Amino acid sequence: MITPFLPDKRIDYEGLAKLIDFYLASGVKGFFANCLSSEMYHLGDDERLALTDFVVKRVNGTLPVVATGSFGDSIDQQAAFARKMSDTGVSAVILITSHFAGKDETDDVLIGNLEKFLAATGKIPMGTYECPSPYKRIITPAVLKYLLSTKRVIYHKDTTLDLERIKVKLDMCRGTNLEFYDAHTPNAMYSLQMGAKGMSCIAGNFYPELFVWMCAHVNESLDLPEVKWLQSELTKADAIISQGYPQSAKYFLRKRGLPIETISRTNNTQLSAEQKLALDQLHTSLSSWHERLGIKAVH
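Below is a short write-up of the structure.

What counts, and where the lines are drawn
- Within every chain, residues take consecutive numbers counted from 1 along the sequence as written.
- Selection of residues for local features in this predicted model requires a pLDDT of at least 70, selection of side-chain atom pairs for listing and counting requires 80 or more, and totals for whole chains, interfaces and linings are taken over all residues.
- Side-chain measures were taken over the full set of non-hydrogen atoms in the model, leaving aside hydrogen atoms and water.
- Each helix corresponds to a stretch of at least 4 residues labelled H or I by DSSP, and each strand to a stretch of at least 2 residues labelled E; elements are numbered beginning at the N terminus.
- Buried, partly exposed and exposed residues are distinguished by accessible area as a fraction of the type maximum, computed with a 1.4 Å probe on protein chains only: under 20%, between the cut-offs, and over 50%, respectively.
- Every residue pair with non-hydrogen atoms within 4.5 Å of one another is taken to be in contact.
- Values of accessible area rely on a 1.4 Å probe in the Shrake-Rupley scheme; residue burial ignores everything except the protein chains shown.
- Think of each axis as a best-fit line through the C-alpha atoms, taken over the contacting stretch in the case of a helix, with angles from 0 to 180 degrees between the N-to-C directions.
- By the definition adopted for this analysis, an angle is roughly parallel if under 35 degrees, roughly antiparallel if over 145, roughly perpendicular if from 65 to 115, and oblique otherwise.
- By the definition used in this description, the sense in which the near helix is turned from the far one sets the handedness, with an anticlockwise turn below a right angle giving left-handed and a clockwise turn giving right-handed.
- As a working rule, the residues Ala, Val, Leu, Ile, Met, Phe, Trp, Tyr, Cys and Pro are called nonpolar, Asp, Glu, Lys and Arg charged, and the rest polar, with Gly in that last group.
- We call a crossover right-handed when, viewed with the strands running away from us, the connection from the first strand over the helix to the second turns clockwise.
- Paired strands, as defined in this entry, are two strands with at least two bridges between them according to DSSP.
- We count a salt bridge whenever a side-chain nitrogen from Lys or Arg sits within 4 Å of a carboxyl oxygen from Asp or Glu.
- The rule is short: rings of Phe, Tyr and Trp, with Trp giving its six-membered ring, pair when the centres are within 6.5 Å, and they are stacked under 30 degrees, edge-to-face over 60, tilted in between.
- The criterion is simple. A nonpolar core is a set of buried Ala, Val, Leu, Ile, Met, Phe, Trp, Tyr and Cys residues joined through side-chain atoms within 4.5 Å.

### Quick look at the overall build of the chain
Here is step 1: Regarding its fold elements, the chain presents 11 helices and seven strands.
Here is step 2: When its C-alpha atoms are laid out on the principal axes, the chain stretches across 50 × 50 × 35 Å.
Here is step 3: Looking at the chain as a whole, 52% of its 299 residues qualify as buried.
Here is step 4: In the chain, the proportion of contacts linking residues at least 24 apart, taken out of those at least 6 apart, comes to 71%.
Here is step 5: Split by element, the accessible area of the chain, about 13300 Å² in all, is 52% carbon and sulfur.

As structure tokens, then:
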């Protein structure tokens, strides 16, 4: 999820409510609040909790909500904040993999710190996210084996990108209670066909209904030509939407009728005329995509 902001950069809760309703109408199956797209590193702890609490209450139990909760300068602080995040009612508290070991530290260090953290957080369900910030820490098979053994980790957002390595992870997750979500739009069709539960990508903020359609049709042989066509279109569009993100998402959503500002705490640089034109053209294409796939547009 992105976070709408008011002109004074306070969280726009009225806009957020409309955004949640838009996602729901689009058919999404869950919400990841307080993530990198939400500009979580530019929110205070109270804002992170208030934002997540608002999403949980607005969704009102109809779908699962997860949110990042591994903030703090020590394991004890991280555990304390995770408990507060859990109290908002989320289905799982998400752990940023690079919050638990330095860039040059080994998997043994990572596993050791995760073990201490999990011991300090009772039975709270957890998830993992290979967030690119503060640095990207990819979960290796050894770490994944440990996480699966705890039976506490029920969600994983993957940024590996490499399909061969993703397949290894998916094979390990098969038959467990861990749900695997790929963050990389160009992988969508392939990851889903290999067994991913769904997608958790920035493109989901632009046209979530296309990923809903993809998830529903990706394994239907009669729909395969259309699935391949959609994958090609989504991959080409990814180069456009990633420029100037998250302002690009807010600009695109405004064109879709969402009353939110194109304001960001992460990046004060305004979208260029060329970037806006590319997004305008993509918005025009969206209508033809809807028509081809028989998707009713959400406004």
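### Overview of the environment of Gly30
Here is step 1: In this structure, Gly30 sits in the loop between helix H1 (13-26) and strand S1 (31-33).
Here is step 2: Given a relative accessible area of 34%, Gly30 falls into the partly exposed group.
Here is step 3: As a C-alpha pair, Gly30 and Leu63 span 33 residues in sequence and 5.4 Å in three-dimensional space.
Here is step 4: If sequence neighbours within four positions are ignored, Gly30 has contacts with Leu63 and Pro64.

### What about the packing of helix H2 (residues 45-59) against helix H3 (residues 75-86)?
Here is step 1: Close contact between H2 and H3 brings their axes to 10 Å; oriented N to C, the two are set at 30 degrees. The angle between H2 and H3 places the two elements in the roughly parallel class. Judged by the twist between their axes, the crossing of H2 over H3 is right-handed. Seen from H2, the contacting residues are Asp45, Arg48, Leu49 and Thr52; seen from H3, they are Phe81, Lys84 and Met85.
Here is step 2: Its residues assigned to classes, the contact of H2 with H3 shows three nonpolar, one polar and three charged.

### Structural notes on the pairing of strand S5 (residues 153-158)
Here is step 1: Extensive coverage of S5 is indicated by the burial of five of its six residues.
Here is step 2: For the handedness criterion, the β-α-β arrangement of strand S4 (residues 126-129), helix H5 (residues 141-150) and S5 is classed as right-handed.
Here is step 3: With four bridges connecting them, S5 and strand S6 (residues 179-182) associate as parallel partners. From the neighbouring strand, Asp158 faces S6, where its bridge partner is Asp182.
Here is step 4: Each parallel crossover has a hand, and for S5 linked through helix H6 (residues 163-173) to S6 it is right-handed.

### Some points on the pattern of salt bridges
Oppositely charged side chains may form a pair once their charged atoms are brought near each other.
Here is step 1: Scanning the entire structure with this criterion turns up 16 salt bridges.
Here is step 2: One salt bridge in this structure joins Asp21 and Arg58, with 2.6 Å as the shortest N-O distance. Pair noted here: Asp21 is in helix H1 and Arg58 is in helix H2, with a separation of 37 residues, a long-range link.
Here is step 3: In this structure Asp21 comes out as partly exposed when scored by relative accessible area, which is 34%.

### Digging into the packing of helix H4 (residues 107-119) against H5
To describe two helices that pack against each other, one gives the angle between their axes and the distance between the axes.
Here is step 1: The contact between H4 and H5 brings their axes to 10 Å, and the two run at 15 degrees. On the basis of their axis angle, the class for H4 and H5 is roughly parallel. Pair H4 / H5 crosses with right-handed handedness. In this structure, H4 uses Asp107, Leu110, Ile111, Leu114, Glu115 and Leu118 to contact H5, whose residues at the interface are Ala142, Val143, Tyr146, Leu147 and Thr150.
Here is step 2: Residues belonging to the contact of H4 with H5 are distributed by class as follows: eight nonpolar, one polar and two charged.

### Thoughts on the sheet that holds S5
Here is step 1: Strand order in the open sheet formed by seven strands is S1-S2-S3-S4-S5-S6-S7, with parallel pairing between adjacent strands. Each of the sheet's edge strands pairs with one partner strand only, and the pair in question is S1 and strand S7 (198-199).
Here is step 2: For S1 and strand S2 (residues 65-68), the ladder comprises three bridges, and the chain directions are parallel. Within S2, the position partnered with Ala33 by the bridge is Ala67.

### A short note on the packing of aromatic side chains
Here is step 1: Counted by the stated rule, this structure contains 14 aromatic pairs.
Here is step 2: For the pair Phe32 and Tyr129, a centre-to-centre distance of 5.6 Å together with 70 degrees between the ring planes defines the contact as edge-to-face. Placement of Phe32 in strand S1 and of Tyr129 in strand S4 is noted, with a sequence separation of 97 residues between them. Of the two residues examined, Phe32 and Tyr129, each falls in the buried class.
Here is step 3: Plain terms: the ring middles of Phe206 and Phe252 are 5.5 Å apart, the flat faces sit at 55 degrees to each other, and that makes the pair tilted. In this pair, Phe206 sits in the loop between S7 and helix H8 (208-217) while Phe252 sits in helix H10 (residues 247-255), placing the two residues 46 residues apart along the sequence.

### Examining the nonpolar core
Here is step 1: Counting 97 residues, the largest nonpolar core has Phe31, Val55, Tyr207 and Leu210 as its most contacted members.
Here is step 2: Among the elements that make up this core, the one with the highest residue count is helix H9 (residues 224-241) (six residues).
Here is step 3: Not counting residues up to four positions away in its chain, the partners in contact with Val55 are Met1, Leu16, Ile20, Phe31, Ala33 and Val65.

### Here's the deal with H5
Here is step 1: All of the buried residues along H5 are Val143, Leu144, Tyr146, Leu147 and Leu148.
Here is step 2: Looking at the buried positions of H5, the neighbouring elements they touch are H4, S4, S5 and H6.

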